[in-house]
Amino acid sequence: MKKVNTGGLAFQRMREGDKFYVDKTLLIKDVLDNDENGVYLFTRPRRFGKTTNITMLDAFFNIEYEGNDWFDGLAISDHPEYAGYKNAFPVICVDMKDVVPGPGSDYDGFIDNIQTLMCDTYLRFEYLLDSDRLGEKEKNRLEPIFDMTSNESLLASSLKNLCQALEKHHERKVIVLIDEYDRAITDSFGTELQRSIVAFLGNFLSSSLKSNSSLQMAYVTGVMQVARAGMFSGLNNITVNNVFSTRSDERFGFTESEVREILGYYGHPERFDEVREWYDGYRFGNAEVYNPFSVMNYVAKDFTPAAYWVNTSADVPLRWLIQRVDADSLGMVANLINDQPTTHTLHFTMTYDELNTSSTEDLLSLMVMTGYLNAVPTEGDDYAITIPNKEVRSIVDRSLARNVRVSDSIFSDFNSAVLDGDAERVASILQTILCDASYFDLRDESSYELVLLTIMHGILGNYKVESQKESGNGRADLVLTPTRDGAVPMIMELKVADSESVLDSEVDGALEQIRSKRYHLGMTGKVVLVGLAFFGKVPRCRTEVITI
C-alpha cells in the first residue's frame, strides 16, 4: 500500500518514492491549450496543492529531467500531442516561501533573504560560468549573484539576467516557475515592512515577466492578486486563474470522487460523511473541492478528524484579519461560525492600502482568498459567503476567542449578567474591563459595540447578531435574535455621553428609544432591552424585560 505524503514532497520525490498521488497532470494540458507562451498567475489558499503542481510542471518541462518515467500511467500520458514539450526547456524554479522576514526583521533582512534565494537559484546553473556560448561581460553580470555581493537593483533584474544566459547557452527560451510570490506580503500583514516588500516584488516581477525576451512561459502561484503599478499590469498575455476560474478548477484540492477513491484505497469508504463534514465546502470555479492537506493528514493519523490546517502557517493572515474586525464585521463573522450565510460584494485584486484597511468588503475578500470563507457568485457582484466546513469553523472560532483579551471568569460573569438582566452587574463588569483594557480605542458608539460583541463571544452561538439593524421605525445598535430554543431575544441601544453627569439621562433615553421606535417589532415572548451609556471608561446600564 502506498505511503501517505503530508510533508509537501515535490512531485518527483512522490513518484520516485511511490507515494499516493492524486493525478493533477492535466494542468499541463490546460496551460498549453490556453497559451504555450503565456504568463500565468494561479491563486489559491495555502496547502491546496499549488507547490505539488508547480513541481509537477517542473518535472514535465525541465530539460534536466529528460528520460524520466514519472508521468507513465498518469492522465497527461494519454495525450501524445504534448510529448514535444516534455523535458524540452531550461526551467528556473523559484520558491519564495523562504524570503519571509522573521520576527523583528527589517527591509535589509528581507533583501538578504532575496539574495540567498537567488544565489541558491543560480547555483543550480553554475555551469553557465564555464559556457563557451557566454561572453565575459555576460558572465560578469551573473557573478555578483553567485558571490552574494549584488545590490538591490541587480537583484530585481537577476531572474531576467539568468533567463538570458540560459537561452544563449541552451539556444532555447526559458520557463520560469515562481511559487508563493506573495508569501512575504501575507506574512508581514500590519507592518510598515509590507509596503517596501510590495514595492520590491513589483520591480522583481516586472523585470522577470514583462520585458523578458528570453521567456517561453511563466507560471506564478500565490494566495492573492496584489495590485501595484508595474507588478502585473502591462502584461498583455497574463492569465489570472483564481478561485472563481472554471479552467483548471479541479486541479487544486480534491474532488468528491478523488476523496472517495482515497478512502476506498485505504480501506475506509464508510468515513466519507465524516470527511465531508470536516474538510469539504470549498468551491473553485464549478468544482466542489476538499482541503487536500487535511484529507491526507486525516488518513495518515488513523482517520482521526481534527483541524490539521490550523497547525500550518495558513493561519498567520487569519490572526491579523481577526484583529482588524469592527463591530459590524465581528457580528457577521460570529454569524458565519453559526452557519448563518451572508451575501456581500467582494473584490479580488488588492492594493497595498486595501490590505491595511478593515472595511467589511476587504476583510471578507481576504478571508475568501486565504481559504477561511467560501464564496459562490449570485447576482451582479454579490457572493453568497459561508464558512466551508467544521475544520475552518473551529479555526476561525478559536482565533476569534483568542482575540478576546479578558479572563474567562470575567467573560462568563458578563454573559451571565446580560442574560439575567442584572444591570448593575453588567455596568460593574464593563467598567472593570474598560479600565483595565488600554487596548480598546473608545472613539464612538461603534467602538463600544465592538467591546460588547468581543466579550459576549461565549453566548453568540445561540444568537444571530446584527449591528445597526433596521428594526421597527429605525436602526437598533445591536440586536441578538435567538437561533436556538430557550434563548431570549436582546436589543441593545448605546449612547456616548458628553459628561458623566448626564449618564443617567442618556441611559434612560436609550431604553426609551428602543420602546418608542419599537425595535422589538416582530419578536414574541420575553425580550430583554438593554440601555447603555458611556462616558470614556465609565458605563451606565439599565435593563428591562418586556413580554410581547
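For the structure, see preceding data.
Residues numbered from 1 in each chain as written. Predicted model: local features only at pLDDT ≥ 70, side-chain atom pairs only at ≥ 80, totals over all residues. Heavy atoms only, no water.

Enquirer: Explain unusual backbone geometry to me, using residue names and the numbers behind them.
Expert: Its identity is not glycine, yet aspartate 18 carries a phi of approximately 55 degrees, on the positive side. Position of aspartate 18 relative to the elements: it lies in the loop between helix 1 (11–16) and helix 2 (26–34). Unlike most non-glycine residues, asparagine 87 shows phi in positive territory, near 50 degrees. Tracing the sequence through the fold places asparagine 87 in the loop between helix 3 (50–61) and strand 2 (91–95). (Helix = DSSP H or I, 4+ residues; strand = E, 2+ residues; numbered from the N terminus.)

Enquirer: With reference to specific residues and values, describe the side chain of glutamine 225.
Expert: Turning to its location among the elements, glutamine 225 is positioned in strand 5 (residues 225–226). A distance of 3.5 Å separates polar atoms of two side chains, one belonging to glutamine 225 and the other to threonine 349. (Polar contact = N/O pair within 3.5 Å; in protein donor to acceptor, adjacent residues only side chain to side chain.)

Enquirer: Can you tell me about the pattern of salt bridges, naming the residues and giving the values?
Expert: Within the structure shown, the criterion is met by 21 salt bridges. For aspartate 18, the salt bridge goes to lysine 2, with nearest N and O atoms at 2.4 Å. Taken together, the positions of aspartate 18 in the loop between helix 1 and helix 2 and lysine 2 in the segment before helix 1 put the pair 16 residues apart, joining distant regions of the chain. The class of aspartate 18 is partly exposed, set by a relative accessible area of 43%. One salt bridge in this structure joins lysine 29 and aspartate 33, with 2.9 Å as the shortest N-O distance. Note that lysine 29 and aspartate 33 are positioned in helix 2 at a spacing of four residues, about one turn of the helix. (Salt bridge = Lys/Arg side-chain N within 4 Å of Asp/Glu carboxyl O. Buried < 20%, exposed > 50% of the residue type's maximum accessible area, 1.4 Å probe, protein only.)

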